[in-house]
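The primary structure of each chain is shown beneath.
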Amino acid sequence: FPSHDMDKVKETVEQCLGDEEEILLATGFEEAFMGIARQFGRPFAVYNFEKCLEILERDMAPDDAIEYFYFNVEGAYVGENTPAFLSWADGYEAT
């Protein structure tokens, strides 16, 4: 996965959405940003679940990272444009 910084992520979002739509971004997970998806006409950011855990594991034990992620990241509903976190199905991977 390519390395991103927040400016690059925001630039990508602006190119995809323009000024008319907004999405919420997960601060600190720029490296895990995959792109933008839509559901029911609403855009939202998509992040790689496994990469998010790798980022958290830089500062905490794996079990703590999983618990933190599920409670504080995935479990944090922040509105209609809340980000999504993608886990690859067995046998599939990014191309």
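As shown above, the structure is provided for reference.
Cut-offs and rules
- Going along each chain's sequence as written, the residues are numbered from 1 onward.
- Local features in this predicted model are restricted to residues of pLDDT 70 or higher, and side-chain atom pairs are both shown and tallied only at a pLDDT of 80 or more, whereas totals for entire chains, interfaces and linings draw on every residue.
- Side-chain descriptors were evaluated using all non-hydrogen atoms of the structure, hydrogens and water having been removed beforehand.
- Note on geometry: axes are C-alpha line fits, over the in-contact stretch for helices, and angles between N-to-C directions span 0 to 180 degrees.
- Put simply, DSSP H or I for four residues or longer makes a helix, DSSP E for two residues or longer makes a strand, and each gets a number counted from the N terminus.
- Oblique is the label for any angle not covered by the other classes, which are roughly parallel (under 35 degrees), roughly antiparallel (over 145) and roughly perpendicular (65 to 115).
- In a left-handed crossing the near helix is turned counterclockwise from the far helix by less than a right angle, and in a right-handed crossing that turn is clockwise.
- The contact criterion used throughout is that any non-hydrogen atoms of two residues lie within 4.5 Å.
- Pairs were defined over the aromatic rings of Phe, Tyr and Trp, the Trp ring being its six-membered one, requiring ring centres within 6.5 Å. Orientation was assigned from the angle between planes: stacked under 30 degrees, edge-to-face over 60, tilted for the rest.
- Burial classes: relative accessible area under 20% of the type maximum marks a residue as buried, over 50% as exposed, and values in between as partly exposed (1.4 Å probe, protein chains only).
- The span expected for a helix works out to 1.5 Å for each residue beyond the first.
- Comment: arc refers to directions from the helix axis out to C-beta atoms.

### Side note on the packing of helix α2 (residues 49-56) against helix α3 (residues 62-74)
Here is step 1: Direction vectors running N to C along α2 and α3 enclose 120 degrees, while the axes themselves pass 9 Å from each other. By the criterion of interaxial angle, the relationship of α2 to α3 is oblique. For the pair α2 and α3, the sense of crossing is right-handed. Judged by residue contacts, Phe49, Cys52, Leu53 and Leu56 of α2 engage Ala65, Ile66, Tyr68, Phe69 and Tyr70 from α3.

### Section: the packing of aromatic side chains
Here is step 1: Inspection of every chain in the model, using the stated rule, returns six aromatic pairs.
Here is step 2: On the basis of an interplanar angle of 75 degrees and a centroid distance of 5.1 Å, the ring pair of Phe49 and Phe69 is categorised as edge-to-face. Of the two residues, Phe49 sits in helix α2 while Phe69 sits in helix α3, which places them 20 residues apart along the sequence.
Here is step 3: What makes Phe49 buried here is its relative accessible area of 12%.
Here is step 4: Of the residues examined, Phe69 reaches a relative accessible area of 0% and is grouped as buried.

### So, helix α1 (residues 6-17)
Each full turn of the α-helix corresponds to 3.6 residues, which orients residues three or four apart in the same direction.
Here is step 1: Counted at 1.5 Å a residue, the expected span for α1 with its twelve residues is 16 Å, and the 16 Å between its end C-alpha atoms agrees.
Here is step 2: If you check which residues of α1 are buried, you get Val9, Val13 and Leu17. One side of α1 holds all its buried residues, which, seen down the axis, span an arc of 50 degrees. Exposed residues on α1 whose side chains face more than 90 degrees from its buried face are Asp7, Glu14 and Gln15.

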